[in-house]
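Descriptive structure summary
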Amino acid sequence: MSKPPHPWWKSATVYQIYPASFLDANGDGTGDLAGIIAKLDYLKDLGVDVIWLSPIYRSPLADMGYDISDYEDIDSRYGTLEDWDRLLEGAHARGMKLMMDLVVNHTSDEHAWFTASKSSKNDPKRDWYIWRPGKVVSGEELPPNNWKSVFQGSAWERDSASGEYYLHLYVPKQPDLNWDNPVVRSAVWDVMRFWVRRGCDGFRMDVINCISKTDGLPDAPLVDHTQYYQPASMYFANGPQVHKYIKQMHAEVLSHHDLITVGETPFTHESSELAAYVLPQNRELNMVFHFELMDIDSPSESPLLRKPWTLRELKAIVGRWQRFMRDDGFWNAVFIENHDHARSVSRFGNDSAQWRAASAKMLAILQITQTGTLYVYQGQELGLKNFPRTWGIEEYNDVATQNYWNLIKEQRQKAQGKEDVEMSDLLDSFAQKARDHARTPMQWNASPHAGFTTGTPWMRVNDDYREWNAEQQIGDGTSVHAFWKRALKVRKAHDVLIYGAFVMLLEAHEQVFAYTRNYGSTSALVLLNFKEGKVEVDLGEAIGGVTGYTLVLGNYENEAIGLEEKVTLREYEGRVYVREALLN
């Protein structure tokens, strides 16, 4: 008997669009759906199979659309439901699919559900959200517990009318829904059905592992002695009912359609916890975004700060997930950039003028040679980099950046007893790590504002757009864009890169990441030099001899390199070799 075919979403390339920063068609300075429609041919030509839109629902934009005030309408900044229908039609006509960002751990405080919930303790929707009375300690009223918001300060906001507090894991304008209420869950299923009926092909689910909180909402342990409020993810991530609720979502909605689903699962590195969301027999999600690789350069205090990382650490993380529970059906989401992280060429490559293109291409090879569904973030295919250190704090728009800046500034002012405190070290960190770097407008051409808008852009365009843009790269066969286009074709042409077993080579090497992939009678060999210096590696017997390997992809232009047992890799060089079955 032949094996059943793989589901379509396993070999798909998903392209994430951050709509505000993609393309502005009407000149108001914010990207829109008409702008995305105008670039569908660009996406198809690149090799995109699925377009994932970050939130475009109606929103006050307290957290760039992750605070939703109406799940069944498009924010007027982006267009209308009819524009969405046109986008869907255009994508489908080109053989691409469209997935939406489902943000249902919380709503906006301007959503009709919350307006009703807040209106009275007796309102039928009161328990659609998580309300609690405060507690009195030494005569002072405090929030119900000491949980810290992910975006600083208390995770509770006091409502003066009722005297009670509501929970918001993120900003106060993002109250958390009470998933323990079955009526809330039914309302969420209805939202999902609304979009599936309209033609949506899948969902990326925002912080979906946070929908079930620990019973009793206990105080978090004291780990940060600089403040009263403490990180509490042990009480709100992967909570007691989370799998029950996602299984119910699968039974009620997902199982009735052929959808792509990926859950965002922050605060979680424990592999068994992540596996529970993904293993096919559990009937939950196709895959999850976990952040072990994305957290490699983040100290525990904040992802906006940087700590050094080593290639051995990166190899260990990638290798572990590539091998993890393969035989049980675990499936990876492969990504190295998104809207919440700085640019990969600046973090993991070298964004200097000399090595930017080479290292961006090397990172592309790392991405296209891993098992899992591949996610590419807008501008990654151009090798877009972080904006420069010279930009001041006023250029950073993200609520996470601004809140952390204000917190540290207040702490320093209090400690030093003066207003004017030194903050340049924080700007050094932000220049490397802030979410804002992923949110600068797309660089389409060398015209003003990089061709993103004819108006004033909502966020400043990176300074390098005149010499680093899509138009200039599309005409250049040696560009990062041309390389990504080629690399995606190579991935599609070789199932071994998508489904093959992973074997790490040269595990202790501090400069080279090398591995083989094996699938049926086909083998692939991947060699990646992560540093600026040349390096010789001795493959020896590690791969069972070098005969029969053909180079199918390399980021230096002389493509016809044979494979010897001793290989010299140039600066940031990456190569992929493939060998079909050796005939006796």
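You'll find the structure just up there.
Fair warning: this is a prediction, and the values are worked out from it, not measured in the lab.

**Structural notes on the sheet that holds strand S15 (residues 373-377)**
Sheets are built from strands paired through backbone hydrogen bonds, the pairs being either parallel or antiparallel. Pairing in this open sheet of 8 strands is parallel, and the strands run S13-S12-S11-S5-S2-S1-S15-S14 from one edge to the other. Because the sheet does not close on itself, it has two edges, and the strands there are strand S13 (287-289) and strand S14 (333-334). In this structure, strand S12 (residues 260-264) lies alongside S13, joined through 3 bridges in parallel fashion. Along S13, the bridge assignment pairs Gly-263 with Val-288.

**Some points on the sheet that holds strand S18 (residues 522-529)**
Strands sit in the order S16-S17-S18-S22-S20 across an open sheet of 5 strands; the sheet is antiparallel. Edge positions in the sheet fall to strand S16 (501-505) and strand S20 (550-554), since each of these pairs with one other strand and no more. Strand-to-strand twist of the sheet, defined as the mean angle between neighbouring strand axes without regard to direction, takes the value 20°. Bridge analysis of strand S17 (residues 512-519) against S18 gives 8 bridges, and the strand direction is antiparallel. Paired with Ala-514 across the strands is Leu-527, a residue of S18. Packed on one face of the sheet, helix H11 (residues 356-368) meets S17, S18, S20 and strand S22 (574-579) and runs near 150° to S18.

**Re the nonpolar core**
Counting 142 residues, the largest nonpolar core has Leu-53, Trp-84 and Trp-195 as the members making the most contacts within it. The element that contributes the greatest number of residues to this core is helix H5 (residues 182-198), accounting for 9 residues. Setting aside anything within four residues of it in sequence, one finds Trp-195 in contact with Tyr-57, Tyr-71, Glu-72, Ile-74, Leu-81, Trp-84, Met-100, Cys-200 and Phe-203. One finds Ala-155, Leu-167, Cys-210 and Leu-217 within the second-largest nonpolar core, a separate group that totals 19 residues.

**Considerations on the environment of Asn-181**
Residue placement: Asn-181 occurs in the loop between strand S10 (164-167) and H5. Distance from Asn-181 to Val-191, taken between C-alpha atoms, is 16 Å for residues 10 residues apart in sequence. Residues in contact with Asn-181, not counting those within four places in the same chain, are Asp-127 and Trp-128.

**Some thoughts on the pattern of salt bridges**
If charged atoms from side chains of opposite charge come close, those side chains can pair. Applying the stated rule across the entire model yields 39 salt bridges. Across the pair Arg-204 and Glu-264 runs a salt bridge, and its minimum N-O distance is 3.2 Å. On the criterion of sequence distance, the pair formed by Arg-204 in strand S11 (residues 202-205) and Glu-264 in strand S12 is long-range, its members being 60 residues apart. On the basis of relative accessibility, which here comes to 2%, the residue Arg-204 falls in the buried class. Here Glu-264 falls in the buried class, since its relative accessible area comes to 5%. Residue Arg-389 is joined to Asp-428 by a salt bridge in which the shortest nitrogen-to-oxygen separation is 2.5 Å.

Rules used in this analysis
Residues numbered from 1 in each chain as written. Predicted model: local features only at pLDDT ≥ 70, side-chain atom pairs only at ≥ 80, totals over all residues. Heavy atoms only, no water. Pairing = 2+ DSSP bridges. Helix = DSSP H or I, 4+ residues; strand = E, 2+ residues; numbered from the N terminus. Axes fitted to C-alpha atoms, helices over the stretch in contact; angles between N-to-C directions. Contact = heavy atoms within 4.5 Å. Core = buried A, V, L, I, M, F, W, Y, C linked by side-chain atoms within 4.5 Å. Buried < 20%, exposed > 50% of the residue type's maximum accessible area, 1.4 Å probe, protein only. Salt bridge = Lys/Arg side-chain N within 4 Å of Asp/Glu carboxyl O.

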